[in-house]
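Each chain, written out:
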Amino acid sequence: MSETRSDGELLRHAADGDRRAFEELYRRYAPWLTARLRGRCADTGVVDDVVQETFLAIWRGKARYREDGDVAGWLWRIGSRRLIDALRGDGARGRLRQALARLRHRDEASAEERVLAGVEHGDLAGALVRLSPELRAVLQATVIDGLTTREAAVLLGIPPGTVKTRALRARKQLREALA
C-alpha cells in the first residue's frame, strides 16, 4: 500500500535528489501549471518550454520552496515569471529600459501614471472591475506585466492591433471613471 506524500514532503525529497519525489511532484502539478499558463499565452510551444524550465529550476535547486505558502501558488509565481521572461526576450528588456529612461525626462504624466496616482484619490478597484474581461486582460499584460504590444498579442492570442485598440479603450474608460 502506497502512502501519498504531502507537497512539502515531495519538495524536500526532490531538493535532496529524490527522482521519484520529483516525478510525483511533476505529475501532480505540470498539467495544472500548463493549463493555467495556456490561459495567459496562446503559443503552446512557449508554454511547454516554460513548464519544463519551471520544473528544471526546482530539480536543479535554483528555486527553493520556503514552506510559507501553498505549493501551487509558489509554482505559479515561478512559471508566470518565466513566461513573462520568455515573451520579453532580451530585446524587450532593452526597449523597456529605454522607455523608462524617456519617462523620467517627460513633464506630462502618462495614462498609467495618472491611473496609479488615482489610486489615492479614486476608486481604481471599482473602475477596474467595471472594465470588460478583455480590457482588463490587456491592461494586465501591458501595464502590470510590462509586455510590448506584440508580446501581449502572443500572450492573449489576439492581433497586435486589437491589443492597441483595447488598451486605448481601457485607458479612456479608466480616466473617465477616475475623473
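Residues numbered from 1 in each chain as written. Predicted model: local features only at pLDDT ≥ 70, side-chain atom pairs only at ≥ 80, totals over all residues. Heavy atoms only, no water.

Overview of the overall build of the protein chain
If you tally the helices and strands in the protein chain, you get 9 helices and 0 strands. Mapped from its N terminus to its C terminus, the protein chain presents α and β elements in the order α-α-α-α-α-α-α-α-α. Looking at the protein chain residue by residue over its 179 residues, the buried ones come to 35%. Long-range contacts, defined as pairs at least 24 residues apart, comprise 61% of the intrachain contacts of the protein chain with a sequence gap of at least 6. Just so you have it, the protein chain exposes about 11,200 Å², and 50% of that area is on carbon and sulfur atoms. (Helix = DSSP H or I, 4+ residues; strand = E, 2+ residues; numbered from the N terminus. Buried < 20%, exposed > 50% of the residue type's maximum accessible area, 1.4 Å probe, protein only. Contact = heavy atoms within 4.5 Å. Areas by Shrake-Rupley, 256 points an atom, 1.4 Å probe, with all protein chains shown as cover.)

With respect to the packing of helix α7 (residues 133-144) against helix α9 (residues 160-178)
At a minimum axis separation of 9 Å, α7 and α9 run at an interaxial angle of 100°. Looking at the two axes, α7 sits roughly perpendicular to α9. Mapping the contact onto sequence places E134, L135, V138, L139, T142 and V143 in α7 and V163, R166, A167, R169, A170, R171, Q173 and L174 in α9. Residues belonging to the contact of α7 with α9 are distributed by class as follows: 8 nonpolar, 2 polar and 4 charged. (Axes fitted to C-alpha atoms, helices over the stretch in contact; angles between N-to-C directions. Parallel < 35°, antiparallel > 145°, perpendicular 65-115°, else oblique. Nonpolar A, V, L, I, M, F, W, Y, C, P; charged D, E, K, R; others polar.)

A short note on the pattern of salt bridges
Evaluation of the coordinates by the stated rule reveals 7 salt bridges. For E24, the salt bridge goes to R5, with nearest N and O atoms at 4.0 Å. One end of the pair, E24, is in helix α2 (residues 19-38); the other, R5, is in the segment before α1 (7-15), and 19 residues separate them in sequence. The class of R5 is partly exposed, set by a relative accessible area of 21%. Here R28 ties to D7 by a salt bridge, and the two come within 2.5 Å at their closest N and O atoms. Taken as a pair, R28 in helix α2 and D7 in helix α1 lie far apart in primary sequence, 21 residues in all. (Salt bridge = Lys/Arg side-chain N within 4 Å of Asp/Glu carboxyl O.)

Re the environment of R60
Residue position: R60 is located in the loop between α3 (44-59) and α4 (71-104). Judged by relative accessible area, R60 falls into the exposed class, the value being 55%. Each C-alpha atom, one on R60 and one on A15, is 8.0 Å from the other, the two residues being 45 residues apart in sequence.

Thoughts on the nonpolar core
In terms of nonpolar packing, the biggest core is built from 34 residues, with L25, L37, F55 and I58 touching the most fellow members. The set of elements that each furnish at least two residues to this core consists of α1, α2, α3, α4, α7, α8 (149-156) and α9. Looking at this core, the element that brings in the most residues is α4, giving 9 residues. If sequence neighbours within four positions are ignored, L37 has contacts with V47, V50, V51, W76, G79, S80 and L83. The next biggest cluster of nonpolar side chains, apart from the first, holds 7 residues, and it includes L131, L139, A170 and L174. (Core = buried A, V, L, I, M, F, W, Y, C linked by side-chain atoms within 4.5 Å.)

Topic: α3
Owing to its 3.6 residues per turn, the α-helix aligns residues three or four sequence positions apart on the same side. Its 16 residues give α3 an end-to-end C-alpha distance of 23 Å, which sits within 8% of 22 Å, the value for a rise of 1.5 Å per residue. All of the buried residues in α3 are V47, V50, V51, T54, F55, A57 and I58. For α3, the buried positions fall inside an angular range of 150° around the axis, keeping them on one side. Where α3 begins, one side-chain oxygen reaches toward the backbone nitrogen of G45, 3.0 Å away; that side chain belongs to D43. Following α3 by one or two positions, G61 has its phi on the positive side, about 85°. (Expected span 1.5 Å × (residues − 1). Arc of directions from axis to C-beta. Polar contact = N/O pair within 3.5 Å; in protein donor to acceptor, adjacent residues only side chain to side chain.)

Overview of the packing of aromatic side chains
This model, assessed by the stated rule, comprises 4 aromatic pairs. The interplanar angle of 50° and the centroid separation of 4.9 Å between the aromatic rings of F22 and W59 together place this pair among those described as tilted. Taken together, the positions of F22 in helix α2 and W59 in helix α3 put the pair 37 residues apart, joining distant regions of the chain. Since its relative accessible area comes to 14%, F22 is described here as buried. Aromatic pair Y29 and W32: ring centres 6.2 Å apart, planes at 85°, arrangement edge-to-face. (Phe/Tyr/Trp six-rings, centres within 6.5 Å; stacked < 30°, edge-to-face > 60°.)

Honestly, it's all geometry; don't read function into it.
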